[in-house]
Amino acid sequence: MLPNVAPLELRLFLHASVRRLSTCRSIVLPRFGGPDVLELCLNDPLPDLRPSEVLVRTRATAVNPLDIRMREGYGRSLFEPLLPLILGRDVSGEVTAVGNGVKQLELGQEVFGALHPTAVRGTYSEYAILLDEQLAPKPPSLTHVEAAAIPFSALAAWRALRSTAKIKSGQKVLVLGGGGAVGMAAIQLAKAADCQVICTCGKRSMDAVVKAGAEQAFDYTLENLKEHLKGKFDAVLDTIGLQETEALGIGLLKKGGHYMTLQGQAVKLTDEYGLIIGGAAAIATLLKKQMQYKQSHGIKYWWTTMRTDFEGLEEIARLAKDSKLYIPVGQSFPFTEAAVAHRVRDGKQVHGKIVLEVE
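1. Concerning the overall build of the protein chain
1) Next: In terms of regular secondary structure, the protein chain is built from 13 helices and 15 strands.
2) Next: The C-alpha atoms of the protein chain give a radius of gyration of 21 Å, which matches the 21 Å a tight globule of 359 residues would have.
3) Next: Projected onto its principal axes, the C-alpha coordinates of the protein chain cover approximately 65 × 45 × 40 Å.
4) Next: In the protein chain, which comprises 359 residues, the proportion classed as buried is 50%.
5) Next: Considering only contacts in the protein chain between residues 6 or more positions apart, those separated by 24 or more positions represent 69%.

This is the structure in structure tokens:
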């Protein structure tokens, strides 16, 4: 907890603290594997800040599916030569230092945000480094735990619906897999854009997705699911990415509609064939699908990924401040127990986001 001091004294206190700070505690991934490969490093070196970077004293960070997959070796073509890594994308905390090009954020300010998926130094650390455009003021109504659950998932949904599909008032949106964090964020973003939202999910998520704003929710295990999902949609966000969900989503789109899947094949192909050959194969595969579905169904097909976007983060912060966007937190752990948190996440017994708290 920072001392209760005046703004100038606070700045001097923080500057003095940072001058003494060269290392911190972090959870590192030295090799790929199960939860037990995660290690606590007591003296992780802190790199110098670049002009547009911000040093954030982490108060909470979330465990995302991407963290689990990276721990298991997803993206090894890119990340294996860079081991050890620090996992984690979301952060909520306080600005501790800023690069000389940062103008919008102040020392001591509470912020939240998320790193790009390819970041090597993540947020499972006492101190995280992000670009100023990757951070926004934390809504005062949210705790750090609540805030840390939001940015990465909400930005993935924002990228699909607002940036790619450019949804607008009156349109009809289908979310396949609405019970996860990205699905929940997508429902709320579409609702905020005055769209009609329908989703599929598991039985135990039914009440949560309706509370989030879905007008109808259907159990994904229903027989003849397509018949229950009546009508045609302007946009389909597929958070599951199976062949069955792709076929379902494509078949329910209006001409000119957008199908977006979070489970594109780019990383899988580069892991299998290397960055150059796999990257070329990924581009060819995507272009082939885009042409195929344009000709057969008259729709637009996308592999969508989370990208850091200041405009998106600002909208997410505004909606969270107005209690129009939230991600339920299922359980929190001390960040030193990251391996336990990953083990619990692997077991899929906790319903809601798992968050790591940094004391």
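Back to the text.
2. Overview of the nonpolar core
1) Next: I150, L161, I167, V173, I187, V209 and L356 are the most contacted members of the largest nonpolar core, which has 74 residues in total.
2) Next: In terms of residues, this core owes the most to one element, helix α5 (residues 151-164), which gives eight residues.
3) Next: With residues up to four places along the chain from it excluded, the contact list for I187 reads V175, G178, V197, C199, V209, A212, G213 and A214.
4) Next: Counting 20 residues, the second-largest nonpolar core is a separate cluster that includes L174, L176, V236 and Y259.

3. Focus: α5
In an α-helix there are 3.6 residues to a turn, and that puts residues three or four apart on one side.
1) Next: The principal kink in α5, of about 35°, is found at W158.
2) Next: Among the residues making up α5, those that are buried are P151, F152, S153, A154, L155, A156, A157, W158, A160, L161 and T164.

4. As for the pattern of salt bridges
1) Next: Throughout the structure, instances matching the rule amount to 13 salt bridges.
2) Next: Between D346 and R71 there is a salt bridge, and its shortest N-O distance comes to 3.0 Å. Within this pair, whereas D346 is found in helix α13 (residues 338-347), its partner R71 is found in helix α2 (residues 65-72), the two being separated by 275 residues in sequence.
3) Next: Bridged by salt links that share partners, the residues R71, E72 and D346 form one connected network.

5. Here we look at the environment of K138
1) Next: In this structure, K138 sits in the loop between β7 (135-137) and α4 (144-148).
2) Next: Considering only alpha carbons, one finds K138 and A339, 201 residues apart in sequence, at a separation of 27 Å.
3) Next: Leave out the neighbours within four places in its chain, and K138 touches S92, E110, V111, F112, T143, H144 and A147.

6. A word on the pairing of strand β11 (residues 233-238)
On any regular strand, side chains alternate: one points to one face of the sheet, the next to the other face.
1) Next: Burial of β11 is extensive: six of the six residues sit out of reach of the surface.
2) Next: Sheet topology places strand β8 (residues 172-176) next to β11; four bridges connect them, and they run parallel. In the sheet register, L176 faces β11, and the bridge partner there is D238.
3) Next: Judged from the five bridges that link them, β11 and strand β12 (residues 253-261) form a sheet pairing that is parallel. Bridging across to β12, L237 finds its partner in M260.
4) Next: The parallel pair β11 and β12 is bridged by helix α9 (residues 243-251), and the resulting crossover is right-handed.

7. Some thoughts on the sheet that holds β11
1) Next: If you trace the six strands from one edge of the open sheet to the other, you get β10-β9-β8-β11-β12-β13, paired in parallel fashion. The sheet terminates laterally at β10 (216-219) and β13 (300-303), the two strands that pair on one side only. Recorded for the sheet is a direction-independent mean angle of 15° between the axes of neighbouring strands.
2) Next: Here five bridges tie β8 to strand β9 (residues 196-201), and the two strands are oriented parallel to one another. Among the inter-strand pairings, L174 is bridged to a residue of β9, identified as I198.
3) Next: Across the sheet, α9 lies against β8, β11, β12 and β13, angled at about 150° from β12, the strand it touches most.

8. Here's the deal with the side chain of E53
1) Next: Position of E53 among the secondary structure elements: in strand β3 (residues 53-63).
2) Next: Within the buried set, E53 has no salt-bridge partner at all; the shortest N-O distance to an opposite charge, 4.5 Å, is to R50.
3) Next: There is a polar contact of 2.9 Å between the side chain of E53 and the backbone nitrogen of R50.
4) Next: Other than its neighbours up to four places away in sequence, E53 contacts D48, V98, G99, V102, I129, L130 and L131.

9. Some words on the environment of T23
1) Next: Along the polypeptide, T23 turns up in strand β1 (residues 23-28).
2) Next: Residues within four places of T23 in sequence aside, it is in contact with N43, D44, P45 and L46.

10. Observations regarding the side chain of E126
1) Next: Within the fold, E126 resides in the loop between β5 (110-114) and β6 (127-131).
2) Next: The exposure class of E126 is buried, given its relative accessible area of 14%.
3) Next: A polar contact of 2.8 Å, which involves the side chain of E126, links it to the backbone nitrogen of R25.
4) Next: Sequence-distant contacts of E126, that is, excluding residues within four places in its chain, are made with C24, R25, V56, R57, T58, F335, V358 and E359.

Rules used in this analysis
Residues numbered from 1 in each chain as written. Predicted model: local features only at pLDDT ≥ 70, side-chain atom pairs only at ≥ 80, totals over all residues. Heavy atoms only, no water. Helix = DSSP H or I, 4+ residues; strand = E, 2+ residues; numbered from the N terminus. Rg over C-alpha atoms; globule rule 2.2 N^0.38 Å. Buried < 20%, exposed > 50% of the residue type's maximum accessible area, 1.4 Å probe, protein only. Contact = heavy atoms within 4.5 Å. Core = buried A, V, L, I, M, F, W, Y, C linked by side-chain atoms within 4.5 Å. Bend = angle between axes of the 7 residues up to and from the residue. Salt bridge = Lys/Arg side-chain N within 4 Å of Asp/Glu carboxyl O. Pairing = 2+ DSSP bridges. Right-handed = clockwise from strand over helix to strand, strands pointing away. Axes fitted to C-alpha atoms, helices over the stretch in contact; angles between N-to-C directions. Lys, Arg positive; Asp, Glu negative; His and termini not counted. Polar contact = N/O pair within 3.5 Å; in protein donor to acceptor, adjacent residues only side chain to side chain.

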